[in-house]
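Architecture and fold: a report
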Protein chains: 2
Amino acid sequence: MQIAIVLYDRFTALDAVGPYETLGRLPDAETVFVAEQAGPVRSDTGALALTADRTLAEVRSPDIVVVPGGPGQSAQMENEPLLDWLRTADRTSTWTTSVCTGSLLLAAAGLLRGRRATSHWLALDVLRPYGAEPTGERVVLDGKYVTAAGVSSGIDMGLTLVGRIAGDEHAQAVQLLTEYDPQPPYGAGSPGKAPAHLVEEFRAKSRFILT
Amino acid sequence: MQIAIVLYDRFTALDAVGPYETLGRLPDAETVFVAEQAGPVRSDTGALALTADRTLAEVRSPDIVVVPGGPGQSAQMENEPLLDWLRTADRTSTWTTSVCTGSLLLAAAGLLRGRRATSHWLALDVLRPYGAEPTGERVVLDGKYVTAAGVSSGIDMGLTLVGRIAGDEHAQAVQLLTEYDPQPPYGAGSPGKAPAHLVEEFRAKSRFILT
């Protein structure tokens, strides 16, 4: 079971590492980090680089494709080599997945037309022009397409998929070993729960970022 | 505010990336990944390398020290250059922190004597011979020492500390932007909640791993 996690400049690290730490614990998992060029790829803060061990060209038919999001996603929306790779990999994949604004890249590749999908809460509306139907859910399964909401939701997505692929007990074992018994010190993790002025502040800022 | 995240061979990636993605969003944060040697450091699965941009010798007095855990921790328990660095950095740090079995390295450096601390649930008992008092809590603050339980708990630890340092509203903003509104598909994230036979199975295996 080969899992390809796609990296590009200014991705968000937790978007990639949440699925890696869960899906990567599937029986017989072979996880490979891929990018247009092999080598270190910098995340959005600039402070962390993850190594892409293989180029996109070297990994043509992974069983699971994982596309993280991040501020760097917008610069990839017309990157044909990447979008072509996504289309090609999707032809033979068992699951095509994303976290955060990674779903916008799947949408730009034309893979989410007529599908229900999710994204970072600030980016949900961007799905619609690509023919996808945005939902506010944290993890959305539509056929073999699995999209997760912002950043940390990739952990929930990964565990959900481990359960589908390897059974509930294996997923529970992964949850237990990663001690995923979340106890956030605040209840501000979604726009419906966070203080309204914070939500408004980020919505106002995002008009510049996302358009 | 300099945050040094320590890498070593076979660390667990999410242990490091959870605090990175939260503490790294502090105002004026300068996050730096450090290791004995600069360059890529492989995590426990072998499938992922994070880059250490600086050597331990180059970063002597970070404000926050973060020590992740992972299967590779046991090979570091008598690594004097690393333990010495921890002792030196701790002399001037504002916060000295760990995730998962990273607390065993703080303990081995003599930093948790007489302190309440936590660790991965399978490793809690190992704290005691080093003079620390293990607790089953997810995030434990004792003075400037902040220890988190297994793997994913570093996110809760990071948010807790962001709140202490920059205030509740900043921490809520970080939670909202990382959309940390966890919805695990199973309720098996701690030994008290997981199926008993899974807990027993891993306890039996860990007798070989941890001793």
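Since we're looking at a predicted model, the values are computed, not measured. (Residues numbered from 1 in each chain as written. Chains lettered and ligands numbered in written order. Predicted model: local features only at pLDDT ≥ 70, side-chain atom pairs only at ≥ 80, totals over all residues.)

Observations concerning the domain arrangement of chain A
Residue and element names in this part refer to chain A. Under the convention used in this document: Domain start and stop points were drawn from an automatic or database domain assignment. Working definition of a contact: two residues with C-beta atoms, positioned from the backbone, lying within 7 Å.
With domains assigned, chain A is organised as domain 1 (2–180) and domain 2 (186–211). Between domain 1 and domain 2, the C-alpha centre-to-centre distance is 23 Å. Of the residues lining the interface, 4 residues belong to domain 1; the matching set on domain 2 comes to 6 residues.

Overview of the interface of chain B and chain A
In plain terms, the rule: Every helix listed is a DSSP run of H or I at least four residues long, and every strand listed is a run of E at least two residues long, numbered separately from the N terminus.
Counting residues at the interface gives 53 residues for chain B, matched by 53 residues for chain A. Contributing elements (two or more residues each) for the side of chain B that touches chain A: α1 (13–23), β2 (30–35), β4 (49–52), α4 (153–166), α5 (168–177) and α6 (196–210) of chain B. For the side of chain B that touches chain A, the element with the most residues is α5 of chain B, which contributes 7 residues.

Here's the deal with the pairing of strand β4 (residues 49–52) of chain A
Across a regular strand the side chains alternate sides, sitting on one face of the sheet and then on the other. Residues and elements named next belong to chain A. Note the following rule: Exposure criterion: with C-beta atoms placed from backbone coordinates, a residue whose C-beta has 20 or more other C-beta atoms within 10 Å is buried, one with 12 or fewer is exposed, and one in between is partly exposed. The rule for pairing is simple: two strands pair if DSSP sees at least two bridges between them.
By the alternation rule, side chains of β4 split into Ala49 and Thr51 and Leu50 and Ala52, which are all buried. Sheet analysis places strand β3 (residues 39–42) next to β4, joined by 4 bridges and oriented antiparallel. Looking across to β4, one finds that Gly39 is bridged to Ala52. The turn joining β3 and β4, which pair antiparallel and follow one another in sequence, is formed by 6 residues; a positive phi near 85° is taken by Gly46.

Observations concerning the relation of the copies chain B and chain A
The cut-off we apply is this: In this comparison the copies share one frame, found by least squares on the C-alpha atoms of residues holding pLDDT of at least 70 in both.
The transformation that overlays chain B on chain A combines an axial shift of 0.0 Å with a rotation of 180°, and the residual RMSD is 0.0 Å. Put plainly, the chains are arranged around a two-fold axis. Of the C-alpha atoms belonging to chain B, the one lying closest to the rotation axis is found on Leu50 of chain B, 2.3 Å away. When the interface residues of chain B are mapped onto chain A, 100% of them again fall at the interface, so both copies present the same face.

Quick word on the sheet that holds strand β10 (residues 139–142) of chain B
Residues and elements named next belong to chain B. Convention followed: Note on geometry: axes are lines fitted to C-alpha atoms, helical ones only across the stretch in contact, with angles between N-to-C directions running from 0 to 180 degrees.
A sheet is described by the order of its strands in space; here 7 strands give the open sequence β5-β2-β1-β6-β7-β11-β10, paired in mixed fashion. Bordering the open sheet on either side are β5 (54–55) and β10, each of which pairs with just one other strand. Sheet topology places strand β6 (residues 64–67) next to strand β7 (residues 95–99); 4 bridges connect them, and they run parallel. Directly across from Val66, in β7, lies its bridge partner Thr97. Relative to strand β1 (residues 2–6), α1 is tilted by about 170°, and along the sheet it contacts β1, β2, β6 and β7.

Considering the sheet that holds strand β10 (residues 139–142) of chain A
Residue and element names in this part refer to chain A. Spatially, β5-β2-β1-β6-β7-β11-β10 is the arrangement adopted by the 7 strands of the open sheet, whose pairing is mixed. The sheet is open, and its two edges are formed by β5 (54–55) and β10, each paired on a single side. Where strand β2 (residues 30–35) and β5 come together, 2 bridges link them in parallel fashion. Across the sheet, the residue bridging to Ala35 is Thr55, located in β5.

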